[in-house]
Amino acid sequence: MQDHLKIIKENGKLLVGEDILSYYTKQWCEFRFSAKVLNGICAYLNRHWVKRECDEGRKGIFEIYILALSIWRNDLFEPLHKQVTDAVLKMVEKERNGETINTHLISGVLRSYVEIGVGASGDDEIHRVRSNVADSSTAVGGSPSLAVPARSDSAVDRRSGGVSLSATTIGPESNPDYQMMLLVYHNKFEIPFLESTKRYYTTESMEFLAQNPVTEYMKKAEARLMEEEKRVQTYLDESTHKSLTETCEFVLIERHLEQFQSEFQVLLNGEKNEDLGRMYKLVSRINEGPTELRNLLEKHIYGQGDCTIRQCAETAVNDPNLYVKTILEVHRKYEELVRTSFENDAGFVTALDKACNRFINKNQVTIEAKSSSKSPELLARYCDSLLRSSKVSEDSELEVLLKEVMTVFRYIEDKDVFQTFYSKFLARRLVNHSSASDDAEAQMISRLKQSCGFEYTSKLQRMFQDVGVSKDLNDQFRAFIVTQETPLDIDFTIQVLSAGSWPFAQSTTFGLPLELEKSFNAFQHFYTRQHCGRVINWLYHMSRAEVHSNCFKLRYTFQASTFQMAILLQYNGEPSHSVQHLADNTKLKMDILTQVLSHLMRSKLLLCEDVTDASELKPEHVLNLNLNYKSKKLRVNINKPVKTEQRQEQESTHRHIEDDRKMQIQAAIVRIMKMRKTLKHQNLISETISQLTQRFRPRVQMIKKCIDTLIDKEYLERVDGEKDTYNYLA
């Protein structure tokens, strides 16, 4: 066998390129077939003598087929492997340059590299005992057989230093000896191949980038990576896949990461989403590669959001619809970018969230309003206009609109401010029956509950319960009036609201008109009989009335506030009244009365000969009922909110928010200290902020004041000798 291989070696010594590959492959196939036949002839020897010697621990005993592979490796492969490997590398380079090559030749050569690795670690022993094995094989007889029991891709079973061939298929998962078999393939081919690959792509990438933009280079790199993937599938061993991929990624991507990062901002500005997606796929192959891209994306989204809001800030500060829709437009744009180009990568989603959180909570609108709580207030106002709108009556529209509201709500830091304003607007919608859809209201509260918990929406849900109870109470009141046999002269409907759930302030002083006293007293009597000890506070500023006219050419129905109704009823007796007389009869404060009269004058129901602007009215001025009043509508809404009360209510709302925050901070501190017993000042502040972040971000100064308050209330004490440490007092 050695003499035969010597002749083969001499004949192939001068061959190069494809010739050496064809020659080597042909000789290998013939030798391999012959070795299998010989192994079959010696099957009895392998099964008995070789097995017994291996089991007894004798060194240097091998099956015939493995012995043949070892002889091929030492006598033919070692002298010729350099020119064979060089030929393979040159053919691979030709293929990379776009030329067509015979891949079967390469795959045949590389399969032989893998197969001759069987028993490669025992080469020294094979050299020492080669003649001994030959003698033993001759001495131990056995029936010749043409069967081929072992394939070229069989696994190695090593026993006590000997080698025995088994019929298990070679593979990295099926056999632990597979990596040892790959030693020849790895050392003689894979290492030179990877070095060649690195040199080739280093040169190509530098030259290509010098002549082409980064966007074109990314397409080139993407194509090259796909080519190498296909190359592994076609003729390379699968074990090369990982190292080849890492080499290509290092040369084609990691070395040019700074150029990618520089181009990333250009692509964002140009909205080149396809190129951004390609860059992400390439860079995400590198460990920590996308980190800088995420930071750049966060800065870009924040800049775009802040700039977009700045452009409309002057209008948006008083226009909730414009403000919220502007935010949603920015978020929708970049959410789509993250979804399509960055495949909803968690890091890029986080970058989007951070950027939106920043520009929503602090932007030109909040700066102009001089309030960091302007965003939640405007969002609550947007919800109010939305839930009054007929748009929410459609189920498909409702789902989309509420989802958009919750998208912005998720980024709001001061969720307690939103809760306060939302509860006020909800209360008005329920009292005035101005909600477009009860289902929409219920769904909105359900979403808020899912986001912030039961406590956040408990008052909102109790409002709905009160509305239901009031309906039953009205029915009972009507039944009570029937039993009293003293029918009311007007249609009188009430809503009884529990004081702790509804965010209404006490009404201003007001003298009830005589026309309402009978109904007023009847309900007072009815309610005190049912609920002994309860006190009713009438919210006149939240009440409404319908007033029918009999003094004009047409019969009009005016939808008026209680204050407007009281003034109009004064004109049942006389067509003219002085401002002072109206103030005395209604007991309204002059600033509120002036605004009520202003609405009536603008609607042309009342006229003043002395002044046309209600702000110039004086107590002695006389207001006349306009008997020539005309309107295109028979049902006229003259009910307008009083600005003075609106301003006072807004101020009281912000004061209420501050007071609530102090109580929540104190409650959080007590909870923490009750659990910890003793805690450092800085740790207490950190844990307090952590607990309250879901509702609002408390200021450190406010936390310090609350700590001092709790010390005064004897919930906490400072540890003697340690000013920055507190003890909890049970």
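So, here is what we can say about the structure in this document. What you see is a predicted model, and the numbers here were worked out from it, not measured in a lab.

Comments concerning the environment of asparagine 626
Next, step 1: If you trace the backbone, asparagine 626 turns up in the loop between β7 (622-625) and β8 (635-637).
Next, step 2: For asparagine 626, a relative accessible area of 13% puts it in the buried group.
Next, step 3: Expressed as a C-alpha distance, the spacing of asparagine 626 and phenylalanine 552, which sit 74 residues apart in the sequence, is 8.8 Å.
Next, step 4: Ignoring any residue separated from it by four or fewer positions in sequence, one finds asparagine 626 in contact with Phe552, Lys604, Leu605 and Leu607.
Next, step 5: Within polar-contact distance, the side chain of asparagine 626 engages the backbone oxygen of lysine 604 at 2.9 Å.

Let's talk about unusual backbone geometry
Next, step 1: Positive phi, close to 55°, is recorded for glutamate 271, a residue that is not glycine.
Next, step 2: Residues other than glycine seldom take positive phi values, yet lysine 604 does so here, at roughly 70°.
Next, step 3: When you line up the elements, lysine 604 lands in the loop between α25 (590-602) and β6 (606-607).

Considerations on the nonpolar core
Next, step 1: In this structure, Phe264, Leu297, Phe418 and Tyr422 are the most contacted members of the largest nonpolar core, which totals 132 residues.
Next, step 2: The leading source of residues in this core is helix α4 (residues 64-96), at 16 residues.
Next, step 3: Setting aside residues up to four positions removed in sequence, leucine 297 forms contacts with Phe264, Leu268, Leu337, Val338, Phe342, Phe348 and Ala351.
Next, step 4: Among the nonpolar cores identified, the runner-up in size contains 45 residues, and Leu488, Phe558, Ile567 and Met601 belong to it.

Examining the environment of phenylalanine 477
Next, step 1: By the element assignment, phenylalanine 477 lies in helix α21 (residues 454-484).
Next, step 2: Residues phenylalanine 477 and isoleucine 494 lie 17 residues apart in sequence; the distance between their C-alpha atoms is 9.4 Å.
Next, step 3: When neighbours within four sequence positions are excluded, phenylalanine 477 is seen to be in contact with Leu488, Phe492, Ser519, Ala522, Phe523 and Phe526.

Looking at the pairing of β7
Next, step 1: Where strand β5 (residues 576-578) and β7 come together, three bridges link them in antiparallel fashion. Looking at β7, one finds that serine 578 is bridged to valine 622.
Next, step 2: With two bridges connecting them, β6 and β7 associate as antiparallel partners. Across the sheet, residue leucine 607 finds its bridge partner in β7, namely asparagine 624.

Focus: helix α12 (residues 273-283)
Next, step 1: Counting buried positions along α12 yields eight of eleven residues, so the element is predominantly enclosed.
Next, step 2: Of the positions making up α12, those classed as buried are Asp275, Leu276, Gly277, Arg278, Met279, Tyr280, Leu282 and Val283.
Next, step 3: On its buried side, α12 packs onto α9 (214-234), α11 (257-270), α13 (291-316), α14 (320-340) and α15 (346-361).

Some points on the sheet that holds strand β3 (residues 544-548)
Next, step 1: Spatially, β3-β4-β8 is the arrangement adopted by the three strands of the open sheet, whose pairing is mixed. Lying at the two open borders of the sheet, with one neighbouring strand each, are β3 and β8. With strand direction ignored, the average angle separating the axes of adjacent strands in the sheet is 25°.
Next, step 2: In this sheet, strand β4 (residues 557-561) lies alongside β3 in antiparallel orientation, the contact comprising five bridges. Its bridge partner lying in β4, alanine 545 is registered against alanine 560.
Next, step 3: The strands touched by helix α23 (residues 562-569) within the sheet are β3 and β4, with β4 carrying the most contacts at an inclination of about 120°.

Comments concerning the pattern of salt bridges
Next, step 1: What the rule picks out here adds up to 36 salt bridges.
Next, step 2: Glutamate 78 serves as the salt-bridge partner of lysine 188, at 4.0 Å between the closest nitrogen and oxygen. Of this pair, lysine 188 sits in helix α8 (residues 183-211) while glutamate 78 sits in helix α4, placing them 110 residues apart in sequence.
Next, step 3: By relative accessible area, lysine 188 is classed as partly exposed at 25%.
Next, step 4: Two residues, arginine 478 and aspartate 475, come together in a salt bridge whose shortest N-O distance is 3.5 Å. Residue arginine 478 and its partner aspartate 475 are located together in helix α21, separated by three residues, close to a single helical turn.
Next, step 5: In this structure arginine 478 comes out as partly exposed when scored by relative accessible area, which is 39%.

Thresholds applied
Residues numbered from 1 in each chain as written. Predicted model: local features only at pLDDT ≥ 70, side-chain atom pairs only at ≥ 80, totals over all residues. Heavy atoms only, no water. Helix = DSSP H or I, 4+ residues; strand = E, 2+ residues; numbered from the N terminus. Buried < 20%, exposed > 50% of the residue type's maximum accessible area, 1.4 Å probe, protein only. Contact = heavy atoms within 4.5 Å. Polar contact = N/O pair within 3.5 Å; in protein donor to acceptor, adjacent residues only side chain to side chain. Core = buried A, V, L, I, M, F, W, Y, C linked by side-chain atoms within 4.5 Å. Pairing = 2+ DSSP bridges. Axes fitted to C-alpha atoms, helices over the stretch in contact; angles between N-to-C directions. Salt bridge = Lys/Arg side-chain N within 4 Å of Asp/Glu carboxyl O.

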